[in-house]
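Take a look at the letters that make up each chain.
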Amino acid sequence: MIIRSDNGGFIHPFPEEITPQEAYLSRRNILRGIAASAAGWGLAQRQAFAQSHRPGALPAMSFVPSTAAGAVVMDKPTAYKDATTYNNFYEFGTDKSDPARRANTLKTDPWSVEIEGLVKKPGRYALEDLMKWGAMEERIYRLRCVEGWSMVIPWVGYSLADLIRRVEPQPGAKFVEFVTQADPKTMPGVRGGALDWPYVEGLRMDEAMHPLTLLAFGMYGEVLPKQNGAPLRLVVPWKYGFKSGKSLVKIRFTDKQPVSSWEKAAPQEYGFYSNVNPQVDHPRWSQATERRIGEDGLLAKKRKTLMFNGYEAQVGQLYAGMDLKKFF
Ligand code: MTE
């Protein structure tokens, strides 16, 4: 359910904890069945959905396991099928199943990223070149969505810091803004008003330079599926998932704090920092616990959400002395 905020923008749905998960899933499946047979998904859509969550369908990537501190969590990775069919990618619709069903229209080849603003080497760089700017590593990160669910994903990519060093930011660059693809022709959600497109996110320069901030090109050993943000996306594991913009087209270095799409839509609910913090509740729900996707049985216990999503040892010092209730 999507609800309009007072300021007219759309905001995240309530977390599904309101409905017991089992009931939620069976209702969703029934509804999906009804929708599929009554409204009738097109053949292409059904084929895209079937293909989109099958490992082995996409090209494999080469990489080495990461040795960066905190880069490989021991939690069991989420099933590929869950990670590729339960997505937030509002450019393809607001239902969790929309991206897997619809993202096949996204054109990822050719792809380039514009690097601009306060940087010594601005320009438009081809994906093939960007892929050579760092050594591809596998990192197994927790992803905690602001809605109250989490996953564990083996990503393939390199530290964003490698790209940033390459383009040489000017001394005045204090923030990095990330702009993602917004093409109404290939992204049906962009024709609607769920957010003010394009999807924009931002980080402080020291957050962007942190070794755990990942520029991901793949997951589960293969190139990124379109619904997960192909051909390249950001992954910031200690922040709520919405900070990790998908299908990046622009990286801008700036001296002003960027205004992210979610901040613009509902500033009382989404701040610039959006660090995972079990002690700072969302105005409409608690952030103290989370539901791990895949642990959905009736008896499944909720997990306690960890400070900075469990990455406090690595990133806590970035926020030393800050009031995290104020800078949420
Ligand atoms: N990036 C774009 N461009 N559009 C989006 O709607 N959703 C965000 C983030 N990146 C989103 C996006 C949210 S709310 C989450 S939780 C994560 O992507 C989900 O990533 P996943 O679908 O790969 O799990």
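Residues numbered from 1 in each chain as written. Predicted model: local features only at pLDDT ≥ 70, side-chain atom pairs only at ≥ 80, totals over all residues. Heavy atoms only, no water.

## Brief notes about the nonpolar core
- Membership of the largest hydrophobic core comes to 83 residues, with the highest contact counts inside it found for Ile-115, Trp-155, Leu-163, Leu-215, Leu-232, Trp-238 and Phe-253.
- Tallying contributions element by element places strand β7 (residues 149–159) first for this core, with seven residues.
- Residues within four places of Leu-232 in sequence aside, it is in contact with Trp-111, Val-113, Leu-127, Leu-130, Leu-215, Ala-216, Phe-217, Leu-224, Lys-246, Ser-247 and Leu-248. (Core = buried A, V, L, I, M, F, W, Y, C linked by side-chain atoms within 4.5 Å. Buried < 20%, exposed > 50% of the residue type's maximum accessible area, 1.4 Å probe, protein only. Helix = DSSP H or I, 4+ residues; strand = E, 2+ residues; numbered from the N terminus. Contact = heavy atoms within 4.5 Å.)

## Here's the deal with helix α6 (residues 160–167)
- Along α6, the residues classified as buried are Leu-160, Ala-161, Leu-163, Ile-164 and Val-167. The buried side chains of α6 occupy one side of the element, clustering within an arc of 160 degrees when seen end-on. (Arc of directions from axis to C-beta.)

## A look at the site of the ligand
- Around the ligand sit 16 residues, and of these Tyr-90, Glu-91, Arg-233, Ser-244 and Lys-246 come closest.
- In this structure, Asn-88 approaches the ligand through a main-chain N or O atom, which is 3.2 Å from a nitrogen atom.
- The backbone of Tyr-90 places a nitrogen or oxygen atom 2.8 Å from an oxygen atom of the ligand.
- In the complex, 99% of the free accessible area of the ligand, which totals 530 Å², lies under the protein chains.
- Here the residues of the shell around the ligand sort into five nonpolar, eight polar and three charged. (Near = heavy atom within 4 Å. Polar contact = N/O pair within 3.5 Å; in protein donor to acceptor, adjacent residues only side chain to side chain. Areas by Shrake-Rupley, 256 points an atom, 1.4 Å probe, with all protein chains shown as cover. Nonpolar A, V, L, I, M, F, W, Y, C, P; charged D, E, K, R; others polar.)

## Here we look at the packing of aromatic side chains
- Tallying each qualifying case throughout the model produces 15 aromatic pairs.
- Ring centres of Tyr-86 and Trp-149 lie 5.2 Å apart, and the angle between their planes is 85 degrees; this geometry places the pair in the edge-to-face category. Of this pair, Tyr-86 sits in the loop between α3 (80–85) and α4 (98–102) while Trp-149 sits in strand β7; the two residues are 63 residues apart in sequence, bridging distant segments of the chain. Each of the two residues, Tyr-86 as well as Trp-149, counts as buried.
- Ring centres of Tyr-125 and Trp-133 lie 4.8 Å apart, and the angle between their planes is 70 degrees; this geometry places the pair in the edge-to-face category. With respect to burial, Tyr-125 and Trp-133 carry one shared label: buried. (Phe/Tyr/Trp six-rings, centres within 6.5 Å; stacked < 30°, edge-to-face > 60°.)

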